[in-house]
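# Structural characterization, general
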Amino acid sequence: KDENGTVKRLIGTQKDITAQAEREQALHKYLQRSELAIRSANIIQWDYDVVTRKFTRLFIDPTQPDLFIRKPFNFSLHPEDRLVLKHEEDLRAGGKGGSHSLHFRVMMEGDTEYRWVNSFAVPLEQDSTGFVTKLTGLQIDLTPLEKAEESNRMKSAFLANMSHEIRTPLNAIIGFSNILAESDDKEEKEEFVSIINKNSDLLLRLITDILDFSKIEAGILDYSLADASLKDIFHEQYQVHALKMPEKVSLICDFDALPDIIVHTDPKRVTQVISNLIGNAVKFTKEGSIKYGYELVDGQIVFHVTDTGTGIEPEKVGRVFERFAKLNNHAQGTGLGLSICKSIVERLGGQISVSSIVGVGTTFTFTLPYNTQETPKEVDSEMKTVLYKEEVPQSGNGGSTNEGTGKGTGTGTGTVCILIAEDTDSNYDLLNAILSKQYRLVRANDGMEAVLLYDEVKPDLILMDIKMPNLDGLEATKIIRELSATVPIIAQSAFAYEHDVKAAMEAGCNDFIAKPIAQSKLKEVINKWLTTK
């Protein structure tokens, strides 16, 4: 500088920082990629202040690449899991604990449902005394994995159930077909044919559901749109289902109240949905009525099927339309019917819902768009409000049931008594037809009756169905084994996998017969255990 302070000359140094800049740029790219990978994998990196008990998140602001931002990390714990995290926080507040791995449910900001997560943490900072003051960790969203595992569990349960559901009607079809050839009694033959037809229809519905579901999954279920009269469809469904109603159940449709309309839709699929909903109602309605109908509401058609059945528990209502979901293990069916209905209704532009009260009944409602002018049609004047009750003939050849006791006695004159625990009428009728001429039979409709009747009649042998309401066959066998260690108990079941046989043996059964039951095999096994008794 001169005497006036003016700078006259500069001196300086130069350093090549290219390598440092490249390292910083590479580090920044690495951090960006890591952040992207973490977000893509639904992983959240967080820090935790032990003193303030506050969580924060650290991430890169994409608008300012060189700036790391820390924000509060807010989430809500599931009420059932709050104690899990509080216990961990209390340990930290006391200066205890090292790394951890916790499994719990959280609801993130902006979410409407809880997610299963795993939280991994390690100490980040400590004070001079070794007290952990900060933690850092990762939270991994396990929801996709949980859903995949749940789907696999449901598929496994579905396959096991399918084995049972297919074998049950096959048992009656094969068994009564064999006996039919040996019978000379006309009334007996008619009864056997009726049972065979009923179970053939059931088997056909099962197979149809499976095929339709497979087509829906593959996206190839065919739809064919055409003009159709809804009142005609409802008349046809009444004629189909009225003759199949249980003795104490009435099928009701107020045909006079139905609008006479023609709608452009797929009549085959609409019929399928209505038929499935009525059939589903029959399974859970022992007495009362099943009412069905439709009405025009705000430019759409609203259908309903209402029953006075057992109802659905509140916690299960939301699952009725799930695929593979079967909420009542004692009802026949694949657990696919309602899922198929939902797919069809939504494909036709409508929605389906359910409301239910346990012990009162259930109503299924679905809608379809209505975009065609009303076209009145001639309707049979005799088709008014209909109330139908079928008179069910009494079963013959010793297959009757004493009302109130659940006991059925075969007509055999033999002194050997066999207790048959079987909740399905056609299955018992088959056993009765095979064995009643040689043995005295006593029937229990469920596991609880089997235990009570064993103590009352002291049978020489027990045929124990595994799947029954109130108390299943395995639990009934365990209880009976406390009363007798020697009475032969033969398990009979349409669940015929190796683990099913093993479970029966571990419960105390002496032998196992898989359905469909072969007449010769049944007699052979019974004779074996009565001989060695």
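The structure displayed is predicted, hence computed values, not measured ones.

## Some words on the overall build of the protein
- A count of helices and strands for the protein gives 13 helices and 20 strands.
- The proportion of buried residues among the 533 residues of the protein is 43%.
- Considering only intrachain contacts with a sequence separation of at least 6, the fraction spanning at least 24 residues in the protein is 66%.
- About 29,400 Å² of surface is accessible on the protein, with carbon and sulfur atoms providing 52% of the total.

## Section: a negative patch on the surface
- On the surface, a cluster of negative charge is made up of Asp184, Asp185, Glu187 and Glu190.
- As for its placement among the helices and strands, Glu187 is situated in helix α4 (residues 186-218).
- Given a relative accessible area of 65%, Glu187 falls into the exposed group.

## Some thoughts on the pairing of strand β14 (residues 361-369)
- Of all nine residues that make up β14, seven are buried, and the element is covered over most of its length.
- Alignment of strand β12 (residues 300-307) against β14, held across eight bridges, turns out to be antiparallel. Bridge assignment links Thr306 to a residue of β14, and that residue is Thr363.
- Strand direction decides the pairing type here: strand β13 (residues 352-357) and β14, joined by six bridges, are antiparallel. When the bridges of β14 are listed, Ser356 appears paired with Thr362.

## What about the sheet that holds strand β20 (residues 511-514)?
- Read from one edge of the open sheet, five strands run β17-β16-β18-β19-β20, paired in parallel fashion. If you trace the sheet from one side to the other, it starts and ends with β17 (440-444) and β20, each paired once. When strand polarity is set aside, the average angle formed by the axes of neighbouring strands in this sheet is 20 degrees.
- In this sheet, β20 lies alongside strand β19 (residues 489-493) in parallel orientation, the contact comprising four bridges. What sits directly across from Ile490, in β20, is Asp511.
- In the packing of helix α9 (residues 425-435) onto the sheet, contacts are made with β16 (417-421), β17, β18 (461-465) and β19, and the angle to β17 comes to roughly 170 degrees.

## A short note on the environment of Val297
- Mapped onto the secondary structure, Val297 falls in strand β11 (residues 288-297).
- The class of Val297 is partly exposed, set by a relative accessible area of 29%.
- Measuring from C-alpha to C-alpha, the distance between Val297 and Tyr370 comes to 9.5 Å, with 73 residues separating the pair along the chain.

## Side note on unusual backbone geometry
- The backbone phi angle of Asp298 is positive, close to 50 degrees, even though this residue is not glycine.
- Taking the relative accessible area as the measure of exposure, Asp298 reaches 77% and is therefore exposed.
- The backbone phi angle of Lys458 is positive, close to 45 degrees, even though this residue is not glycine.
- Checked against the element boundaries, Lys458 lands in the loop between α10 (447-457) and β18.

## Some details on the packing of aromatic side chains
- What the rule picks out here adds up to eight aromatic pairs.
- Ring centres 5.0 Å apart and planes at 20 degrees place the aromatic pair Phe234 and Tyr292 in the stacked group. Of this pair, Phe234 sits in helix α5 (residues 230-242) while Tyr292 sits in strand β11, and the two are 58 residues apart along the sequence.
- Using a relative accessible area of 2% as the deciding quantity, one classes Phe234 as buried.
- For the cation-ring pair, Arg269 lies above Tyr223, with the distance from its terminal atom to the ring centre recorded as 5.9 Å.
- The side chain of Lys458 reaches across the aromatic face of Tyr454, ending 5.9 Å from its centre.

## Concerning the pairing of β13
- The alternating pattern of β13 places Ile352, Val354 and Ser356 on a buried face, while none of Ser353, Ser355 and Ile357, on the opposite face, is buried.
- Linking two consecutive strands that pair antiparallel, namely β13 and β14, is a turn of three residues; a positive phi of about 85 degrees is found at Gly359 within it.

## Some details on the pattern of salt bridges
- Counting across every chain of the model gives eight salt bridges.
- Ionic pairing is found between Glu80 and Arg105, a salt bridge with its closest N-O pair at 3.1 Å. Residue Glu80 is found in the loop between β4 (75-77) and α2 (82-93), and its partner Arg105 is found in strand β5 (residues 100-108); the two are separated by 25 residues along the sequence.
- According to the relative accessible area criterion, Arg105 is buried, its value standing at 16%.
- For Asp455, the salt bridge is made with Lys458, and the minimal N-O distance between the two is 3.3 Å.

## Re the side chain of Arg105
- Within the local environment of Arg105, its side chain forms a polar contact with the side chain of Glu80, the two groups lying 3.1 Å apart.
- If we ignore the near neighbours within four places in the chain, the residues touching Arg105 are Ser76, Leu77, His78, Glu80, Asp81, Tyr114, Arg115 and Trp116.

## A closer look at the packing of α5 against helix α6 (residues 267-283)
- Two elements in contact, α5 and α6, have axes whose closest approach is 10 Å; the angle formed by their N-to-C orientations is 40 degrees. For the element pair α5 / α6, the angle class is oblique. Two packed elements cross with a definite hand, and for α5 against α6 that hand is right-handed. Packed against α5, whose contacting residues are Leu230, Ile233, Phe234, Gln237 and His241, the element α6 presents Pro267, Val270, Thr271, Ile274, Ser275, Ile278 and Gly279 at the interface.

## As for the environment of Phe73
- Within the secondary structure, Phe73 is located in the loop between β3 (68-72) and β4.
- According to the relative accessible area criterion, Phe73 is buried, its value standing at 6%.
- Linking Phe73 and Met108, residues 35 residues apart in sequence, is a C-alpha distance of 9.1 Å.
- Ignoring sequence-local partners within four residues, the contact set of Phe73 consists of Ile44, Trp46, Phe55, Thr56, Arg57, Met108 and Gln139.

## Examining empty space enclosed by the protein
- If you walk through the whole model with that rule in mind, you get four cavities of 30 Å³ or more.
- What the largest cavity holds in volume is close to 110 Å³.
- Forming the boundary of the largest cavity are 15 residues, of which Trp46, Phe55, Leu85, His100 and Ser119 lie nearest the centre.
- Elements that contribute at least two residues to the lining of the largest cavity include exactly β1 (43-49), α2, β5 and β7 (132-141).
- No other element matches α2, which puts four residues into the lining of the largest cavity.
- Per-class residue counts for the lining of the largest cavity are nine nonpolar, three polar and three charged.

How each quantity is defined
Residues numbered from 1 in each chain as written. Predicted model: local features only at pLDDT ≥ 70, side-chain atom pairs only at ≥ 80, totals over all residues. Heavy atoms only, no water. Helix = DSSP H or I, 4+ residues; strand = E, 2+ residues; numbered from the N terminus. Buried < 20%, exposed > 50% of the residue type's maximum accessible area, 1.4 Å probe, protein only. Contact = heavy atoms within 4.5 Å. Areas by Shrake-Rupley, 256 points an atom, 1.4 Å probe, with all protein chains shown as cover. Patch = residues over 30% accessible without salt bridge, like charges linked within 9 Å, V, L, I, M, F, W, Y side chains within 5 Å. Salt bridge = Lys/Arg side-chain N within 4 Å of Asp/Glu carboxyl O. Lys, Arg positive; Asp, Glu negative; His and termini not counted. Charge placed at Lys NZ, Arg CZ, Asp CG, Glu CD. Pairing = 2+ DSSP bridges. Axes fitted to C-alpha atoms, helices over the stretch in contact; angles between N-to-C directions. Phe/Tyr/Trp six-rings, centres within 6.5 Å; stacked < 30°, edge-to-face > 60°. Lys NZ or Arg CZ within 6 Å of the ring centre and 35° of its normal. Polar contact = N/O pair within 3.5 Å; in protein donor to acceptor, adjacent residues only side chain to side chain. Parallel < 35°, antiparallel > 145°, perpendicular 65-115°, else oblique. Left-handed = near helix turned anticlockwise from the far one by under 90°. 1 Å grid on protein atoms, 1.4 Å probe; cavity = no way out; pocket = protein on both sides within 12 Å on 5 of 7 lines; lining within 4 Å. Points joined across faces, edges and corners; volume = space filled by probe spheres on them. Nonpolar A, V, L, I, M, F, W, Y, C, P; charged D, E, K, R; others polar.

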